[in-house]
Amino acid sequence: MAMATATASPAVKSKRDEAECAGVMENERLVSSRLSDYGNTGSAKVEQRRRKTAGKGSQKKAPLSRQQSFSREIGHAAAETYLITQLTIKLLSYLGVGYRWITRLFALGCYALLLLPGFLQVAYYYYFSSQVRRSVVYRDQPRNRLDLHLPTNCDGQKPVVIFVTGGAWIIGYKAWGALLGQQLAERDIIVACLDYRNFPQGTIGDMVEDVSNGISFVCSIISEYGGDPSRIYLMGQSAGAHISSCALLQQAVKEFKGESIFWSVSQIKAYFGLSGGYNLFNLVEHFHDRGLYRSIFLSIMEGEKSLGKFSPEIMLQDESAKEAASLLPPIILFHGTNDCSIPCDASKDFCRGSQTCKCRC
């Protein structure tokens, strides 16, 4: 028995060693497999982290790229605008429009910008009010149009004001009288704002003719709009005062000479001149110094030889005009003492000249 036991022990021991060896090998395999899985998982996570980091980096760079592109476009637009402005100023200087005109135009634009709220209110009234009859045709020439500003109260016949706007004989327009038309219409007064040809579309002779035709038209049709033909007043402002006074005086001379006329100065109850210029000889150098150059001004007035013909103050010195002056209605002149566009002496001198001709001024 002892022998059998001793013989069996080595066999059992050998099997046990083999099992232990197999177990060790299995453990090594499992460890190796786990290490391999771990390595794969780790590398995958590392790769995923790398991609996320790269993605975040690209996301951060994209807005910066768009911002740089936008800034570049803004800079390019600003440079182009500056270049175009510079070339425009240079072109205008070559064309004879000096820097004085350009700077004053810029100042006028800034001033208009400050007044924009008030302008918008008047523009709304002008374009949308049912009391405004815009662009009524009074003759067949270009810009032979007028605006009628009518009161809301339709009871009885209303007094009428024919208004000729200013604009240096170049930028006059009937809409410039919209505020006056609104204010007077609220006081039961009909206002007719005349438009006329401006330079270079026409010269001073054309402007006077247009205004005279406009006055004739208003006198003939205003009763249809509730106006009183026996209470028609003529008013002009700045260049409009000069043009309307020429039209009035020329009509008086024609009427005195017995020429064919379409309206009579007797139909005008009174004339109002606001900040007008009535002696062109005294205004040539004044306007030249202020940017309306002598050559342009003389072109508007049809040459130096025509200055006397279109200067009411000079016209009254003619014998025929002196006699015709008695036909003129009362003349009322208004002029600010600090007016720089046209000196107030222009109205003072015209008033003195009118009084020597026994005009009611």
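Refer to the structure presented above.
Student: What's the story with the packing of aromatic side chains in this structure? I'm lost.
Tutor: For the structure shown, the criterion picks out eight aromatic pairs. Ring centres of Y233 and F272 lie 6.2 Å apart, and the angle between their planes is 45 degrees; this geometry places the pair in the tilted category. Of this pair, Y233 sits in strand β5 (residues 227-237) while F272 is found in strand β6 (residues 268-274), placing the two residues 39 residues apart along the sequence. Of the residues examined, Y233 reaches a relative accessible area of 21% and is grouped as partly exposed. Residues F287 and F297 carry aromatic rings whose centres are separated by 5.4 Å and whose planes lie at 40 degrees to one another, so their mutual orientation is tilted. Pair noted here: F287 is in helix α7 (residues 284-289) and F297 is in helix α8 (residues 294-300), with a separation of 10 residues, a long-range link. Accessibility expressed as a relative area gives 0% for F297, which makes it buried. Ring pairs connect the aromatic residues W169, F287 and F297, which therefore count as one cluster.

Student: Looking at this structure, I do not really get the sheet that holds β6. What am I missing?
Tutor: Picture the strands of a sheet paired through backbone hydrogen bonds; they go either parallel or antiparallel. Taking strand neighbours across the sheet as the criterion, the seven strands line up as β1-β2-β4-β3-β5-β6-β7 in an open arrangement whose pairing is mixed. Each edge of the open sheet carries a strand with a single partner, namely β1 (132-137) and β7 (331-334). Shown here is a sheet whose adjacent strand axes are inclined to one another by a mean of 20 degrees, direction ignored. Here six bridges tie strand β3 (residues 158-164) to β5, and the two strands are oriented parallel to one another. Directly across from K158, in β5, lies its bridge partner G227. Seen against the sheet, helix α4 (residues 178-185) touches β2 (145-149), β3, β4 (190-194) and β5 and runs at an angle of roughly 30 degrees to β2. Those strands touched by helix α5 (residues 204-221) are β1, β2, β3, β4, β5 and β6, and its axis lies near 155 degrees from that of β4.

Definitions and limits used
Within each chain, residues carry numbers counting from 1 in the order of the written sequence. The predicted nature of this model means local features are confined to residues of pLDDT at least 70 and side-chain atom pairs, given and counted, to a pLDDT of 80 or more, with totals for whole chains, interfaces and linings taken over all residues. Side-chain measures were taken over the full set of non-hydrogen atoms in the model, leaving aside hydrogen atoms and water. When two rings of Phe, Tyr or Trp (its six-membered ring) have centres within 6.5 Å they constitute a pair, described as stacked for plane angles under 30 degrees, edge-to-face for angles over 60, and tilted for the intermediate range. Helix numbering and strand numbering both begin at the N terminus, where a helix is a DSSP run of H or I of at least 4 residues and a strand a DSSP run of E of at least 2. For each residue, the accessible area found with a 1.4 Å probe, counting protein chains only, is set against the maximum for its type, and the residue is called buried under 20%, exposed over 50%, and partly exposed in between. Between any two strands, pairing holds if DSSP finds at least two bridges. A fitted line through C-alpha atoms represents every axis, and for helices the fit uses only the stretch in contact; the resulting angles, taken between N-to-C directions, go from 0 to 180 degrees. Residue contacts are defined here by distance: any two heavy atoms, one from each residue, within 4.5 Å place the two residues in contact.

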